[in-house]
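Below, each chain spelled out in residue letters.
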Amino acid sequence: MNALHDEPDAILDVLGIGFGPSNLALAIAVEEHNAQAAPEDRIRAGFLERQPSFGWHRGMLIEDATMQVSFLKDLVTMRNPTSDFSFLCFLRERGRMVDFLNAKTLFPLRIEFHEYFEWAAARVAHLVDYSDEVVSVDPVTGPDGEVRWLDVVSRVPGTPERTVTRRARNISVAVGLEPHLPPGTALSDRVWHNSQLVPRVHEVNATGGAVGRVLVLGAGQSGAEALDYLHRSFPGAEICAIFAKYGYTPADDSPFANRIFDPEAVDVYFRSTPEVKQSLVDYHRSTNYSVVDMDLIESLYATMYREKVQGRERLRLRNVSRIRDVRTFDDHLEVTVEYLPTGEREVLSADLLVHATGYRPRDLDGLLGRAAKLCLRDDNDAVRVGRDHRLELAPGVTAGIYLQGATEHTHGLTSTLLSTTAVRSGEILDSLLAHRTGDLAGVAGTTGTAGTAGMADAAGVAVRAG
């Protein structure tokens, strides 16, 4: 096979892998930069997304659930308050700005914020290829042996036996998180993760399936929201929460604690020693991990007490407990629950078990493939990341890999949250521009070689079979 052409027009300045809010914010930052830049200073960007359309936590878009961050922490406002990609501009276009202001809240409905994301994504749709699953990232060297580019190989939508190769000077990896499940857990029609909650409930109600008892494992916000939603969705069923805590812990959203999500806090965290970083995470876990909004806690408690008064308790709590075993039968589950103070075990018959057990970063090495060998690592085998979110790579590598999310060990609690998404996109854009001049100078008059590639067209895309 011939190598991909290496003319400047055939090589992207940055190729984003994944198109959730993080890379969407970067696409907007690039779009706004290009609108004002001279032709020679524009950033050539593209993005790949394996979903068929934009989607963000669709399984938890409960109709009355609200965001836990202010609408001002949208895709752009913290970076560029004058941007017409802001949530307020979205409201104005939808004719809802006055109505939203009259609601007197900083926290929109989650379904409305998702609508905002879709609106923004549609405006930069020309930069995105959907239904495009990345299968490998291959380093490409110049004649001097330097790794100057990265070839991103993805499956051709609708023809998975064929692949497309795109060459880029930099990639931005923002593939989000994946559901975390207890070891040995197998999802099924009766065993769910809360990321599937809303569509799964709709399926059960549409088919008229009988639901007598549902168990919800987890003590965080998602677990509490799932408990409340299931209680309303199955009015004849017992809905039981199971967790190791004594009770739900309120989220600390006080003004001083919330400063841990400020852009300046990222600088403080990044400069700190590993010991200080760990202490900051430990001190402020209650702002984000295994905690629940106080109004939801109070609502659940009021429901439980009201049912106790009425003599029909559907909403139940099994605290200081854990699940020890799950057995699946054709028509039900048998779940062994241990009460931790005494070790006493009880087998509960249930129709459904929902794991609200959180998320974890996706496997970076598996995604990057051969390119993962270029990444430098710290003493804990975690990737080393610069303040500009660019991975530290081996000597002789001028290509760049930017990581959005999965950087809590270097950038703090905001790594996987929306709080600094807009600011981070600006920082990555600035870094791309700072590296761009040297990269372009290195490209002139050279030919790169990669492991596998086909002929590229003017868009930097190569298609090959197998």
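Coordinates for the structure precede this section.
Presented here is a report on the structure given in the accompanying data block.

Here is what the cut-offs are and how they apply
- Residues numbered from 1 in each chain as written.
- Predicted model: local features only at pLDDT ≥ 70, side-chain atom pairs only at ≥ 80, totals over all residues.
- Heavy atoms only, no water.
- Pairing = 2+ DSSP bridges.
- Helix = DSSP H or I, 4+ residues; strand = E, 2+ residues; numbered from the N terminus.
- Contact = heavy atoms within 4.5 Å.
- Axes fitted to C-alpha atoms, helices over the stretch in contact; angles between N-to-C directions.
- Parallel < 35°, antiparallel > 145°, perpendicular 65-115°, else oblique.
- Left-handed = near helix turned anticlockwise from the far one by under 90°.
- Nonpolar A, V, L, I, M, F, W, Y, C, P; charged D, E, K, R; others polar.
- Buried < 20%, exposed > 50% of the residue type's maximum accessible area, 1.4 Å probe, protein only.

**Focus on the sheet that holds strand β18 (residues 400–403)**
Then comes step 1: Spatially, β3-β2-β1-β7-β18 is the arrangement adopted by the 5 strands of the open sheet, whose pairing is parallel. The sheet terminates laterally at β3 (128–129) and β18, the two strands that pair on one side only.
Then comes step 2: Where strand β2 (residues 45–48) meets β3, 2 bridges bridge the pair, whose relative direction is parallel. Within β3, the position partnered with Leu48 by the bridge is Asp129.
Then comes step 3: With respect to the sheet, helix α1 (residues 21–36) is in contact with β1 (14–17), β2 and β7 (170–173), its orientation differing from that of β2 by roughly 160°.

**A word on the packing of α1 against helix α4 (residues 110–123)**
Then comes step 1: Contact geometry of α1 with α4 gives a least axis separation of 10 Å together with a crossing angle of 45°. Relative to α4, the element α1 lies oblique. Both α1 and α4 take part in a crossing whose hand is left-handed. In this structure, α1 uses Pro21, Leu24 and Ile28 to contact α4, whose residues at the interface are Phe117, Ala120 and Ala121.
Then comes step 2: When grouped by side-chain class, the residues that make up the contact of α1 with α4 number 6 nonpolar, no polar and no charged.

**So, the pairing of strand β14 (residues 333–339)**
Then comes step 1: The buried fraction of β14 amounts to 5 of the 7 residues, a majority that puts the element mostly inside the structure.
Then comes step 2: In terms of strand pairing, strand β13 (residues 321–328) meets β14 through 7 bridges, oriented antiparallel. Paired with Thr328 across the strands is Leu333, a residue of β14.
Then comes step 3: Linking two consecutive strands that pair antiparallel, namely β13 and β14, is a turn of 4 residues.
Then comes step 4: One ladder, built from 7 bridges, connects β14 with strand β15 (residues 344–350); its direction is antiparallel. Bridge pairing in β15 links Tyr339 to Glu344.

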